[in-house]
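# Results of the structural survey
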Amino acid sequence: MAKKKRRNPFIPKGDPQSWFARGEPLLWFNASGVTLSLLLVGALLYLLTANGLAHFWPKPLYSLSVAATGTDGSENESEPTKRLYVERVRTEVSTHATGEQRSTLFRRGNRDRGDGEFVWVNDENVVSLSRPAELVRVLREAWGPAYGELQSLETPRGTVALSPDADQALYEALDRIDAVRSKMAALENGTIRKLNREAQRLYQRERAIGGDAPLAEELGKEQARLSAAFTGAQRDMLEMAQSIEPYWLTLRVDSGELWRLPLASVLAVQHPNSMSYVEKLESWALQLWAFLSTAPRESNTEGGVFPAIVGTVVMVLLMSVIVAPFGVLAAIYLHEYAKQDWKTRLIRIGVNNLAGVPSIVYGVFGLGFLVYVVGGELDKLFYSDALPSPTFGAPGLLWASITLALLTLPVVIVATEEGLARIPQSLRDGSLALGATRFETLWRIIVPIATPAMMTGVILAIARAAGEVAPLMLVGVVKLAPALPIDSHYPYLHLDQKFMHLGYHVFDVGFQSANIEAARPLVYATALLLVVLTIGLNLFAVLLRNHLREKYKAL
Amino acid sequence: MSAELSLKPRHLLPAKANKRTGMNVSVDGLSLYYDRHTKALDDVSLRIKRQQVTAFIGPSGCGKSTLLRCFNRMNDQIEGCRIEGRIRMDKMDIYHPRVDVSLLRRRVGMVFQKPNPFPMSVYENVAYGLRIGGLRRRRELDEVVERSLRAAALWDEVKDRLNENALALSGGQQQRLVIARTIAVEPDVLLLDEPASSLDPISTLKIEELIYELKSRYTIIIVTHNMQQAARVSDMTAFMYQGRVIEFDTADRLFTNPKEKQTEDYITGRYG
Ligand SMILES: Nc1ncnc2c1ncn2[C@@H]1O[C@H](COP(=O)(O)OP(=O)(O)OP(=O)(O)O)[C@@H](O)[C@H]1O
Ligand SMILES: [Mg+2]
């Protein structure tokens, strides 16, 4: 008789364990959730990067022939086609009763010629599209770019004809003008700003001394000296401005007309259709750098975001400097010193709930209490000679930082408390048993070990603060503040100044500007920058924390 | 345990700088409540002599650690803990309201059941108590650190890694490091709460030898679950049960000829 094979008791008799019992659905659910979030983050970053960074790439210029159609759709006999020098922006598809219709938005530039800077063209009407090598894009301080063919250059020494092969004179002139422009900027930001400050101080002193005759005389002398210096500086400015005035660039625009542009306002001239890849890359880098390192122009729709970068960074750093000690001290008190009774628990619940208060409420509090009450009192006490013009009694850097510090305080407290709770009681006992007081134990054992947790708190605080905009609009952020809150003039960090912020800049450029199409790429670029900056600040703090954590990794 | 695990000093310890040789401890009518209902110690009275090793034995939860923690007032840390009765060290009441507990704890050192080195270097661990005490000069610190590590029979193993993190040491080394840290401040009374509970036989032996050597300069009070260990190292042994000291006698007599039935049951392994 055949021996019956013994069944393996660990193999179930019937069907294998059901799909559901193995927790498979949950797994799939989790996995798809994670994938979806990653995809969304990836899409966001891609959108910002593609749109933001591509803006600085020298895009090709087209010579576009459009069939001129009348309102009834019939061909216009006298002028069958129209030539436009344009840059492609985007194509949109719309469905009509007659079928699908593709139309493309082109940028014609030359805003100040008044022919319309942007134009929608029905793809059916495009007769021809070419990329002539001689087309140039002229980037200007005002009025956006100009497109055309180089014609001639007027200099104080005469007129030079320009052609694609002979444009050396143009670039030399541009270099010269650039040098003068940066000298003017230096004079403006250095000497003239300093004189302004001195004049203001003098004015205050004058008001303070009242009728004291000998002092008044001295002040008068001082004033005379100042105004002489002022006149001198202004004369220098004027001279420099005049020295670049006689330069004019003539372009032939798409209609065939000649157009004279003052070279003093020209920033760069590109010939994107004949540029090599390396040249394009170079130009891209230059434009990107200009974006990062200069102030905005044309009511923020052009130029750079440098003041906004500085404003954001300074504000966030100041906020961390304020929130870190307060949050850490509060957490230490709550966890190490306070009796763990219902009162402490109530405070803790309160702190946790503070994190959920809408941020605009903090803005209102900052304005109502910090700016008007605290700032107003400060002004009365220390800056009474400047009144009625407020010093700290108006929105400014300090109040914005403190408001955000309040906003992020719960984050730091909670993270620090968690860190403190993780430290085993035995370490405290060990230190106390050696005769250390509670404070010594705290200072020498607990705080060093809890530092990474505190850093985590500050990191979270930074992450939250760097992206916060709403409360800032009430307590110090403005649309345009070219003067940086930090510079080389005493007291270096100007706590009372209003400042620019990348988050608010995105809002302003994107939604408050008149020229949406021109500003759109800058919105992406600024948003990307804000993301990069936030990540950068976070990364910095994370690295710092990991460095500290190394030391206690066995705990 | 075999004969080669005998307790003979292998090296002579350097003399204690403060020349003191421990304190006599007397406990009178000590009761301790963790809260209103749990009485962890019930009318404990003991006389503990200097230059002797006194062991507390008893079943888990009988209050040995609690009693030990009374000697350096670690129970003060616990909220709601209340004490009645008196503990005196060389006639001085340690629960007098004006006593500074950090001063007391510098004289009454404690080694905990689980090794708890600080997450810093080996050197800094040993120097910690000295720095707290205000010693700053590097030369003196070096000297005391070496002396303490030698006394704890750890010097040879760590002399080349003094700057390494103490958490990288093995469990047995960590326990000896904690002992070194405690004797570095030269207390008079040493409280050891199951110092060898997590150690292998060799490390255990080293610690027992250490206790034997330290005896002449300290009052040593040790809690242990290991009856043989208590018999080997202690001069006096107290058997505790449910918060009370049932029997307190010389180790010889308690282990060979217990007077109380409960003691006998416990040491012969008939308890619970
Ligand atoms: N912090 C505390 N709060 C409340 N009760 C406590 C506390 N510590 C100890 N107890 C209780 O006091 C009693 C004695 O505890 P203790 O730690 O002194 O026992 P033990 O003899 O050291 O035990 P073991 O040998 O297991 O270490 C136990 O019943 C314990 O539950
Ligand atoms: Mg115990």
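Residues numbered from 1 in each chain as written. Chains lettered and ligands numbered in written order. Predicted model: local features only at pLDDT ≥ 70, side-chain atom pairs only at ≥ 80, totals over all residues.

To keep things clear, this is the line we draw: UniProt positions are given in the numbering used here, feature names are shortened, and annotations may be inferred rather than shown by experiment.
For chain B, the name recorded in an unreviewed UniProt entry is Phosphate import ATP-binding protein PstB, with Parahalioglobus pacificus as its organism. According to its UniProt record, chain B has this under Subcellular location (unreviewed entry): "Cell inner membrane".

The name an unreviewed UniProt entry assigns to chain A is Phosphate transport system permease protein PstA, from the organism Parahalioglobus pacificus. UniProt, in the comment section headed Sequence similarities (unreviewed entry), describes chain A in these words: "Belongs to the binding-protein-dependent transport system permease family. CysTW subfamily."

### Notes on the overall build of chain B
Note the following rule: Helical segments are the DSSP runs of H or I of at least four residues, strand segments are the runs of E of at least two, and each set is numbered from the N terminus. Residues with at least 20 other C-beta atoms within 10 Å of their own are called buried, those with 12 or fewer are called exposed, and the rest are partly exposed. The C-beta atoms themselves are positioned from the backbone.
Within chain B, the regular secondary structure consists of 10 helices and 10 strands. C-alpha atoms of chain B, sized along the principal axes, occupy 55 × 50 × 30 Å. Evaluated residue by residue, chain B yields a buried proportion of 46% over its 272 residues.

### Quick notes on the UniProt feature "domain: ABC transporter" (unreviewed entry) in chain B
Feature annotation in UniProt assigns "domain: ABC transporter" (unreviewed entry) to the following positions: residues 25-267 of chain B. Helix and strand shares over residues 25-267 of chain B are 38% and 25% respectively, and the end C-alpha atoms of the span are 26 Å apart.

### Description of the interface of chain A and chain B
Here is the rule: Here contacts are defined at the residue level, using C-beta atoms placed from the backbone and a cut-off of 7 Å between them. Think of it as three bins: nonpolar holds Ala, Val, Leu, Ile, Met, Phe, Trp, Tyr, Cys and Pro, charged holds Asp, Glu, Lys and Arg, and polar takes everything else, Gly as well.
In this complex, chain A contributes 17 residues to the contact, which on the side of chain B involves 21 residues. Breaking the side of chain A that touches chain B down by element, the ones donating at least two residues are α9 (425-433) and α10 (438-466) of chain A. When residues in the side of chain A that touches chain B are grouped by element, the largest group, six residues, is from α9 of chain A. Its residues assigned to classes, the side of chain A that touches chain B shows 10 nonpolar, four polar and three charged.

### Some details on the site of ligand 1
What counts, and what does not: Think of it this way: take the backbone, place a C-beta atom on it, and check whether that atom is within 6 Å of the molecule or strand, in which case the residue is near it.
Close to ligand 1 lie Y34, T38, A40, S60, G61, C62, G63, K64, S65, T66 and I78 of chain B. Among the residues forming the shell around ligand 1, the class breakdown is four nonpolar, six polar and one charged.

### As for the environment of E239 of chain A
You can see E239 of chain A is positioned in helix α3 (residues 213-243). Each C-alpha atom of the pair E239 of chain A and L407 of chain A lies 51 Å from the other, and the pair is 168 residues apart in sequence.

### With respect to unusual backbone geometry
Trans is the prevailing form of peptide bonds, just as negative phi is the prevailing case for residues other than glycine. Residues and elements named next belong to chain B. We note that R73 has phi near 55 degrees; this positive angle belongs to a residue other than glycine. Structurally, R73 can be placed in the loop between α1 (64-71) and β4 (82-89). The class for R73 is partly exposed, based on 19 C-beta atoms found within 10 Å. Phi is positive for Q242, which is not a glycine, with a value near 50 degrees. With 15 C-beta atoms packed within 10 Å, Q242 lands in the partly exposed category.

### Things to note about the confidence of the model for chain B
Residues and elements named next belong to chain B. Using the following cut-off: The quantity called pLDDT is the predictor's confidence in a given residue, expressed from 0 to 100.
Summary statistics for chain B give a mean pLDDT of 88 and a share of 93% for residues scoring 70 or more. Confidence over residues 1-14 falls short of pLDDT 50; this stretch has 12 contacts with residues more than four positions distant or in other chains. Per the prediction output, this complex has pTM 0.79; the corresponding ipTM is 0.90.

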